[in-house]
Amino acid sequence: MAQSDNKKFFENLTGAGKAIAVLTSGGDAQGMNAAVRAVVRMGIYVGAKVYFIHEGYQGMVDGGENIKEAKWESVSSMLQVGGTVIGSARCKEFRTHEGRLKAAHNLVQRGITNLCVIGGDGSLTGANLFREEWSGLLAELVQQGLIDEEAAQKYSALHIVGMVGSIDNDFCGTDMTIGTDSALHRIIEVVDAIMTTAQSHQRTFVLEVMGRHCGYLALVSALACGADWVLIPEMPPEDGWEEKMCQKLSAKRAGMKRLNIIIVAEGAIDRNNQPITSEHVKDLVVRRLGFDTRVTILGHVQRGGTPSAFDRILASRMGVEAVLALLETTANTPACVVSLCGNQSVRLPLMECVQMTQEVQKAMDEKKFEEAVQLRGRSFENNLKTYKLLAHRKPESELPQSNFNVAVLNVGAPAAGMNAAVRSAVRVGISEGHKMFAVSDGFEGFYKGQIKEIKWADVGGWTGQGGSLLGTKRTLPAKHIDKIAEQIRIYNINALLVIGGFEALECLLQLCEARSNYEEFCIPLCMLPATISNNVPGTDLSIGADTALNAIVETCDRIKQSASGTKRRVFIIETMGGYCGYLASVGGLAAGADAAYIYEEPFDIRDLQSNVEHLTEKMKTSIQRGLVLRNENSNENYTTDFIYQLYSEEGRGVFDCRKNVLGHMQQGGAPSPFDRNFGTKISAKAMQWITKKLNDCYKQGRVFANTEDSACLLGMRRRALIFQPVVQLKDETDFVHRIPKEQWWLKLRPLMKILAKYKTSYDVSDSGQLEHVAVNRPKESEARAAI
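Residues numbered from 1 in each chain as written. Predicted model: local features only at pLDDT ≥ 70, side-chain atom pairs only at ≥ 80, totals over all residues. Heavy atoms only, no water.

Colleague: Hey, could you run me through the overall build of the chain in this one?
Modeller: On a plain count of helices and strands, the chain comes out with 25 helices and 27 strands. The C-alpha atoms of the chain give a radius of gyration of 27 Å, which matches the 28 Å a tight globule of 787 residues would have. Projected onto its principal axes, the C-alpha coordinates of the chain cover approximately 90 × 70 × 50 Å. Within the chain, the proportion of its 787 residues that are buried is 62%. Per element, the accessible surface of the chain, about 30100 Å² overall, is 47% carbon and sulfur. If you average the places of the 89 positive and of the 90 negative side-chain charges in the chain, the two averages end up 3 Å apart. (Helix = DSSP H or I, 4+ residues; strand = E, 2+ residues; numbered from the N terminus. Rg over C-alpha atoms; globule rule 2.2 N^0.38 Å. Buried < 20%, exposed > 50% of the residue type's maximum accessible area, 1.4 Å probe, protein only. Areas by Shrake-Rupley, 256 points an atom, 1.4 Å probe, with all protein chains shown as cover. Lys, Arg positive; Asp, Glu negative; His and termini not counted. Charge placed at Lys NZ, Arg CZ, Asp CG, Glu CD.)

Colleague: Teacher, can you tell me more about the environment of A363 here?
Modeller: Considering the arrangement of structural elements, one finds A363 in helix α12 (residues 350-365). Owing to a relative accessible area of 4%, A363 belongs among the buried residues under this scheme. Linking A363 and L375, residues twelve residues apart in sequence, is a C-alpha distance of 8.9 Å. Excluding residues that lie within four positions of it along the chain, A363 makes contacts with K368, E371, A372 and L375. (Contact = heavy atoms within 4.5 Å.)

Colleague: So what exactly am I meant to see when it comes to the state of the cysteines here?
Modeller: A covalent bond between the sulfur atoms of two cysteines is referred to as a disulfide. As enumerated under the stated definition, the model contains zero disulfides in all. Residue C246 stays outside any disulfide, its sulfur separated by 19 Å from that of C225, the closest cysteine. A relative accessible area of 3% means that C246 is categorised as buried. The thiol of C512 is not disulfide-bonded; the next cysteine sulfur, from C712, is found 8.9 Å away. A relative accessible area of 17% means that C512 is categorised as buried. (Disulfide = S-S within 2.5 Å.)

Colleague: Explain the nonpolar core to me, please; I cannot follow it from the model alone.
Modeller: Nonpolar side chains tend toward joint burial in soluble globular proteins. Grouped together as the largest cluster of nonpolar side chains are 189 residues, with contacts concentrated most on M163, I263, F443, L496 and L497. With 13 residues, the single largest contributor to this core is helix α11 (residues 309-328). Core analysis: the next-biggest nonpolar cluster, separate from the first, contains 52 residues, M60, L141, A151 and I269 among them. (Core = buried A, V, L, I, M, F, W, Y, C linked by side-chain atoms within 4.5 Å.)

Colleague: I would appreciate a short explanation of the packing of helix α8 (residues 216-225) against helix α23 (residues 673-697) in the present structure.
Modeller: Each pair of packed helices can be described by the angle between their axes along with the distance between the axes. In contact at an axis separation of 9 Å, α8 and α23 are set at 80° when each is read in the N-to-C sense. Classed by the angle they form, the pair α8 and α23 counts as roughly perpendicular. Together, V220, L223, A224 and C225 of α8 and R676, N677 and T680 of α23 make up the contact between the two elements. Classifying every residue of the contact of α8 with α23 by side-chain character gives four nonpolar, two polar and one charged. (Axes fitted to C-alpha atoms, helices over the stretch in contact; angles between N-to-C directions. Parallel < 35°, antiparallel > 145°, perpendicular 65-115°, else oblique. Nonpolar A, V, L, I, M, F, W, Y, C, P; charged D, E, K, R; others polar.)

Colleague: When you look at helix α21 (residues 605-621) in this model, what are you seeing that I'm missing?
Modeller: The α-helix advances 3.6 residues per turn, and as a result positions three or four apart in sequence lie on the same side. Helix length check: α21, at 17 residues, gives a terminal C-alpha distance of 25 Å against a target of 24 Å (1.5 Å per residue), a fit within 8%. Every buried residue belonging to α21 is among L608, N611, V612, H614, L615, T616, K618 and M619, and all of these are buried. As for α21, its buried residues are in contact with β18 (569-575), β19 (595-597), β20 (625-631) and α22 (640-650). (Expected span 1.5 Å × (residues − 1).)

Colleague: Quick question: what am I supposed to make of the sheet that holds strand β11 (residues 344-349) here?
Modeller: Sheet strands pair by backbone hydrogen bonding; their relative direction is either parallel or antiparallel. Taking strand neighbours across the sheet as the criterion, the seven strands line up as β3-β2-β1-β4-β5-β10-β11 in an open arrangement whose pairing is mixed. Either end of the sheet is taken by a strand with one partner, and the two such strands are β3 (67-69) and β11. For this sheet, the mean angle separating the axes of adjacent strands, direction not counted, is 25°. Looking at chain direction, strand β10 (residues 336-341) and β11 are connected through six bridges and run antiparallel. Directly across from V337, in β11, lies its bridge partner L348. Strands in contact with helix α5 (residues 121-143) are β4 (114-119), β5 (159-164) and β10; relative to β4, the strand with the most contacts, it is inclined by about 160°. (Pairing = 2+ DSSP bridges.)

Colleague: Hey, could you run me through the pattern of salt bridges in this one?
Modeller: Between side chains of opposite charge, a pair can form when the charged atoms approach closely. Using the criterion set out here, one finds 43 salt bridges in the structure. Here K71 makes a salt bridge to E69, at a shortest N to O gap of 3.6 Å. Residue E69 is classed as partly exposed on the basis of its relative accessible area of 34%. Its salt-bridge partner being E649, residue R652 comes within 2.7 Å of it at the nearest N-O pair. On the basis of relative accessible area, R652 is assigned to the exposed category, the value being 59%. When its relative accessible area of 45% is taken as the criterion, E649 is described as partly exposed. Through salt bridges with shared partners, a single network forms among D121, D168, D170 and R212. (Salt bridge = Lys/Arg side-chain N within 4 Å of Asp/Glu carboxyl O.)

Colleague: Can you walk me through the sheet that holds strand β9 (residues 293-297) in this structure?
Modeller: Spatially, the four strands line up as an open sheet ordered β7-β8-β6-β9, and their pairing is parallel. The open sheet is flanked by β7 (229-231) and β9, the only strands paired with a single partner. If you compare each strand with its neighbour and ignore which way they point, the axes differ by 15° on average. Against the sheet, helix α7 (residues 180-201) engages β6 (204-209), β8 (260-265) and β9, with an angle of about 165° to β6. Sheet contacts for α8: β6, β7 and β8; angle to β8, the most-contacted strand, approximately 165°.

Colleague: Is there a simple way to think about the environment of G17 in this case?
Modeller: Mapped onto the elements, G17 comes out in the loop between α1 (3-12) and β1 (19-24). For G17, a relative accessible area of 84% gives the class exposed. Sequence separation between G17 and G111 is 94 residues, and the spatial gap between their C-alpha atoms is 9.3 Å.

Colleague: Where do I start with the side chain of D540 in this structure?
Modeller: Along the polypeptide, D540 turns up in the loop between β17 (525-529) and α19 (545-562). Within the buried set, D540 has no salt-bridge partner at all; the shortest N-O distance to an opposite charge, 4.7 Å, is to R717. When neighbours within four sequence positions are excluded, D540 is seen to be in contact with N343, N534, M716, R717, R718 and W744.

Colleague: Looking at this structure, how should I read the confidence of the model for the chain?
Modeller: Keep in mind that low pLDDT regions are not for reading the predicted coordinates in detail. Chain-level pLDDT for the chain is 91 on average; 95% of the residues reach the 70-or-more range. This stretch, residues 1-12, has a pLDDT under 50; its non-local contacts, to residues over four places away or in other chains, come to 17 contacts. Segment residues 777-787 is flagged for pLDDT under 50; beyond a separation of four residues in sequence, or across chains, it makes 20 contacts in the model. (pLDDT = per-residue confidence, 0-100.)

Colleague: I tried to follow the packing of aromatic side chains on my own but got confused; where do I start?
Modeller: The relation between two aromatic rings is expressed through the spacing of the ring centres and the mutual angle of the planes. Per the counting criterion, the structure on display carries 16 aromatic pairs. On the numbers, 5.3 Å between centres and 70° between planes, the contact of F94 with F130 is edge-to-face. Here the residue F94 occupies a position in the loop between β3 and α4 (97-109), and F130 occupies one in helix α5, the gap between them amounting to 36 residues. Residue F94 shares its accessibility class with F130, and that shared class is buried. Through pairs of rings, three or more aromatic residues link up here, namely Y57, F94, F130 and W134. (Phe/Tyr/Trp six-rings, centres within 6.5 Å; stacked < 30°, edge-to-face > 60°.)

Colleague: Mind showing me how you'd approach the pairing of β1 here?
Modeller: For β1, the tally of buried residues reaches six of six residues, placing the bulk of the element in the interior. Both faces of β1 are covered, namely the face carrying A19, A21 and L23 and the face carrying I20, V22 and T24. Alignment of β1 against strand β2 (residues 49-53), held across four bridges, turns out to be parallel. If you follow A21 over to β2, its bridge partner there is Y51. For the handedness criterion, the β-α-β arrangement of β1, helix α2 (residues 32-45) and β2 is classed as right-handed. Examined bridge by bridge, β1 and β4 share five bridges and lie parallel to one another. Across the sheet, the residue bridging to L23 is V117, located in β4. (Right-handed = clockwise from strand over helix to strand, strands pointing away.)

And the structure:
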């Protein structure tokens, strides 16, 4: 959208004269503060008055000091704080007509007719009921003489927009709720820690996680840590599950594994809707197997701590989208909820989502468990299918006999999550009947013959390991194409899965070019994007980028905290990424940066001067700390040292400066839950694509594939995972600077600037339009392909 269109948009949707109130209700969730901050600052940016309602609906009913006007500075330094600083409370009084009448009176007194509610399905249902009763409540207030007719006319319509803040991820219509990713971080931190002590003592651990009647946290954490068994309410185990579980645990120990992990959702049930508790599971293991077994109930640890980078970005995007939705509403617009579908914000009718959420519980009560899984949505369904594929190994006799050999290798710089992707590929490949081969040290190891068969048990425990256990090099195949072709002949490799960054794309393109001279490369080739830089064309997200973002955000939080109590200070921080500004920009949004300098958005000395002046002004009035991020290759002359010296000189007398180069700490560490899960799922999908291609291309006793669509990159594009021929991606790529020509996250940069108090235009071309909730009910034959 052109800038002039944006200006026109904001003229049409001005918030002048409007009052918006934001409240958090029900259970707290990490990231709620980021959502509150975004609503307040976007609301003020468009000219509206914004109010905090403290203590949720209780504060709305009680009124008085609980409803306060919010200023820009009111939400400073809250981005990194867990929970909700404006308080949350469950309110019985709001459930009564009298309570809602009081609440309506308190809102009308302040001219508030726009409500942004952050909470779970109960909180949002209450908001919708309040909206439906609004005109009747105003009529009662007029009748009682508490307001006049003019006020009733002026504030005749109440507009509601919801954001789902819940660690349970139990709300239908959104792939992720605010707080879920942070809760997964807490769970995985505990699981990783427990694994070390379990290994020492050869113990079995039973972990109970939260989620009420939803098994999302249990399922995804089981997927992310490679748990031996998981019990969730949506898919109770078959009768006789106790014996099967004990057999599996026993087989793992016999295979020299020193520990077992069982994850139990707090709402886990059996086929008769009877609860399965963690204590029951422990007693079962002790009684039948005699294993030393311990129970750990995580409890409210999962709600605590700082929000993850994902939750901060999600909440910030949703908060801005919620304000835009409120500005666009009319008296006839239904209450909506801002949701996440793939990588895109969407608006859905609130009550459609609530009704579907209630249908899930109804289906479970009626023992229609497969329907309950489908109603949970595609994200939940895909996670469950992937877990089943990876967790339970079929006996050799039940495996299909494909006689195909598939090789997997890592290329380029290491990225957290690569090992989870390799594990997934190996296990799905074996389940599909293939013989799997691992190539060490990328294409350098390939031409040297560092290739060996890899078995199911060889990749046990790989999901939580950082870096690349296979080894990875940046070597491209072109110089050694003869030797690589020879190795493919020797090992009879029928398909290749390459996991890596920009180099991996270049490798596949070189292999495609070599097809005309070497038939050995006329096989299915698939690439999975794995790089912290997130600079691969054809995908919005890459394996490893989320872990790097979390490393950046955690470091920025600590650096900002180091200045607590000192004089005003600005920190200049350099991030990695090559010429791609993803880490600097999105990390800046998540950390609350004042500016982020990147190659994709050229800047000059006037821009630097403007930023210094802007920070100086802010420092004089309110904030104590400033944060500026710079991508390592953003400009060859305006280096980190130059920017540091400029800010130091121009800010003299107002603030002092410090600089920090984050370096390779962004590349290390254990992979985040998102990267483990993303790597696992796309790798499983890639292996199923390879199987289909192998079957389609097998003719006259050999595999022959030389069409464009036989060499693909699997990436996330907006709402879906898509296979794209790498040859077609050439036109989308800037090979000199190793970045895509178009990058979706550039649309988030104005959002960072708005939240840092800059005047800028905001591209609303991606702003969500009201849609309807869709439920996929795949046929049995489609189930395997739907992962």
